[in-house]
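Results of the structural survey
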Amino acid sequence: MKEQQRKILTETGFGFTAAGKIFFCALAACSCLSMNVYFALVTTVVCAAASVSLDKKILAPSAFLMVALIFVAETAGKGGLPLAVFAGAALYLLISLSPKALDFSPSIKAGAGFGLAFSVTALLTTYYFGIGATGAYTFEILKNYRYLGFHPNWRGVFYGTITLFAMITYPRKFKKLSKYLPAEVFSVAIPLLLNLFLNPNGETTPIIEVGALSDMKALSGFKAFFPIADFSAVSEGENILFVLKGAFALAVIFALFKPLQKKNSIVSASQGGVSSLLGGLPATESEITAYTPVSAVTALAVATAFAVFCPSLVSRIPLHSLAVVFIVSAWKAVPFKLVSSAFKSRDIIEITAFFVCALGFVFTDVFTASIICVIYAVFGRIKK
């Protein structure tokens, strides 16, 4: 009896862990895309439910996928995101089920990882420093930085730097604790508490915060809660083209860093498709010590309670810190081991593939960079 109670308590505890990991990643993604917390909650609910079918894995929004999502949001508008996510998930599902799926070499994966990590850093630095720059892809926002000049909000930078330091050192210094209390929660909680102390009045705060995005009451009407049903955002031919480009890029990024198990790829693609129907975001797998249906129910309850009953607290979270969560996560996701294997091979084609794929994400948009990765993958198959 005691053993059973202990097991249930453990499973419940990891439900809190999953809720913190998934919800804070979803909140970071939605806040940087200027989306209401409702969509972060939707993403969390679908991720928590889908993760039950995984073994010691949970699904959470990924920093790499943000590059494609920002591209769609800046070119076709936020209204184009649901369709882009749905189409990208469907295309990735077809790739996962195909017996002749593209095989990306270690050099392509390493180059794409470096390019995407740099892109995430460039695209989200505007929130980290509070600059106000805009851009659909890396080179475009870099030019915007040059035009505007760097005029950072130093208190915001202070909060973001605390998050940066915590995201890097906390998992290393507290390995066991970080398995229970995710780095994302710990790294955002500290600047949030500091912000509440230093800036007690949210109306006159000098930094960029989640603010009104935390209020679900701001949404009204069927299409507000089910934005995929609103076709006005993609009524123009040019917008549809950008949505399809973003969907292709999402599918390629999914395929580049897909799970080892085919079943996990299908679950991840399915999550993206279901999440998009409610306006949510796609996700990739992340490790967790234990996760069961009890954990899923707990995660759903905790995330819903926090999002619904604590909007005033969510509104005070510094956007500077949420942006840094993804910047650090992006560099942690870079497959550094594959870089060494690419150079050890001394194959000029593989080394060239690394640099071309990396620079593709820096100097071109995410769609063109994805095309480059696919071309190299096809060339590699022909070569074999």
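Summarised in this report is the structure supplied together with it. The structure displayed is predicted, hence computed values, not measured ones.

To continue, consider the environment of Val356. By secondary structure assignment, the location of Val356 is in helix 17 (residues 348-363). On the basis of relative accessible area, Val356 is assigned to the partly exposed category, the value being 31%. Taking the C-alpha atoms as reference, Val356 lies 8.9 Å from Ala369; in sequence the two are 13 residues apart. If sequence neighbours within four positions are ignored, Val356 has contacts with Ile372 and Tyr376.

Before going further, it helps to spend a moment on the packing of helix 1 (residues 2-32) against helix 15 (residues 319-332). Packing of helix 1 against helix 15 leaves a shortest axis separation of 9 Å and a crossing angle of 115°. Relative to helix 15, the element helix 1 lies roughly perpendicular. Relative to helix 15, the crossing made by helix 1 is left-handed. Of the residues in helix 15, those touching helix 1 at Phe24, Cys25, Leu27, Ala28, Ala29, Ser31 and Cys32 are Leu319, Leu322, Ala323 and Phe326.

The next subject is helix 9 (residues 183-198). Here helix 9 is 16 residues long and its end C-alpha atoms lie 23 Å apart, about the 22 Å a rise of 1.5 Å per residue gives. Looking only at helix 9, the buried set comprises Ala183, Glu184, Val185, Ser187, Val188, Pro191, Leu192 and Asn195. Those residues of helix 9 hidden inside the fold are in contact with helix 1, helix 7 (154-173), helix 14 (311-314) and helix 15.

Bringing the pairing of strand 1 (residues 57-60) into the picture now. Because side chains alternate across strand 1, one face comprises the buried residues Lys57 and Leu59, and the other comprises Ile58 and Ala60, equally buried. Relative to strand 2 (residues 284-287), strand 1 is paired through 4 bridges, and the arrangement is antiparallel. Looking at strand 2, one finds that Leu59 is bridged to Glu285.

This part is about the packing of aromatic side chains. Across all of its chains, the model carries 20 aromatic pairs by this definition. Residues Tyr38 and Phe225 carry aromatic rings whose centres are separated by 4.9 Å and whose planes lie at 85° to one another, so their mutual orientation is edge-to-face. Placement of the pair is Tyr38 in helix 2 (residues 37-50) and Phe225 in helix 10 (residues 222-225), with a sequence separation of 187 residues. Looking at Phe225, the relative accessible area reads 26%, which means it is partly exposed. Pairwise contacts between aromatic rings join Phe114, Trp331, Phe336, Phe354 and Phe355 into one cluster.

Relative to the 33 Å expected for 23 residues at 1.5 Å per residue, helix 5 (residues 106-128) spans 31 Å between its end C-alpha atoms, a close match to the ideal helical length. Where helix 5 bends most, at Ala122, the angle is about 25°. Along helix 5, 17 of the 23 residues are buried, which leaves the element largely enclosed by surrounding structure. Once helix 5 ends, the next one or two residues include Gly130, with phi positive near 70°.

What counts, and at which threshold
- Residues numbered from 1 in each chain as written.
- Predicted model: local features only at pLDDT ≥ 70, side-chain atom pairs only at ≥ 80, totals over all residues.
- Heavy atoms only, no water.
- Helix = DSSP H or I, 4+ residues; strand = E, 2+ residues; numbered from the N terminus.
- Buried < 20%, exposed > 50% of the residue type's maximum accessible area, 1.4 Å probe, protein only.
- Contact = heavy atoms within 4.5 Å.
- Axes fitted to C-alpha atoms, helices over the stretch in contact; angles between N-to-C directions.
- Parallel < 35°, antiparallel > 145°, perpendicular 65-115°, else oblique.
- Left-handed = near helix turned anticlockwise from the far one by under 90°.
- Expected span 1.5 Å × (residues − 1).
- Pairing = 2+ DSSP bridges.
- Phe/Tyr/Trp six-rings, centres within 6.5 Å; stacked < 30°, edge-to-face > 60°.
- Bend = angle between axes of the 7 residues up to and from the residue.

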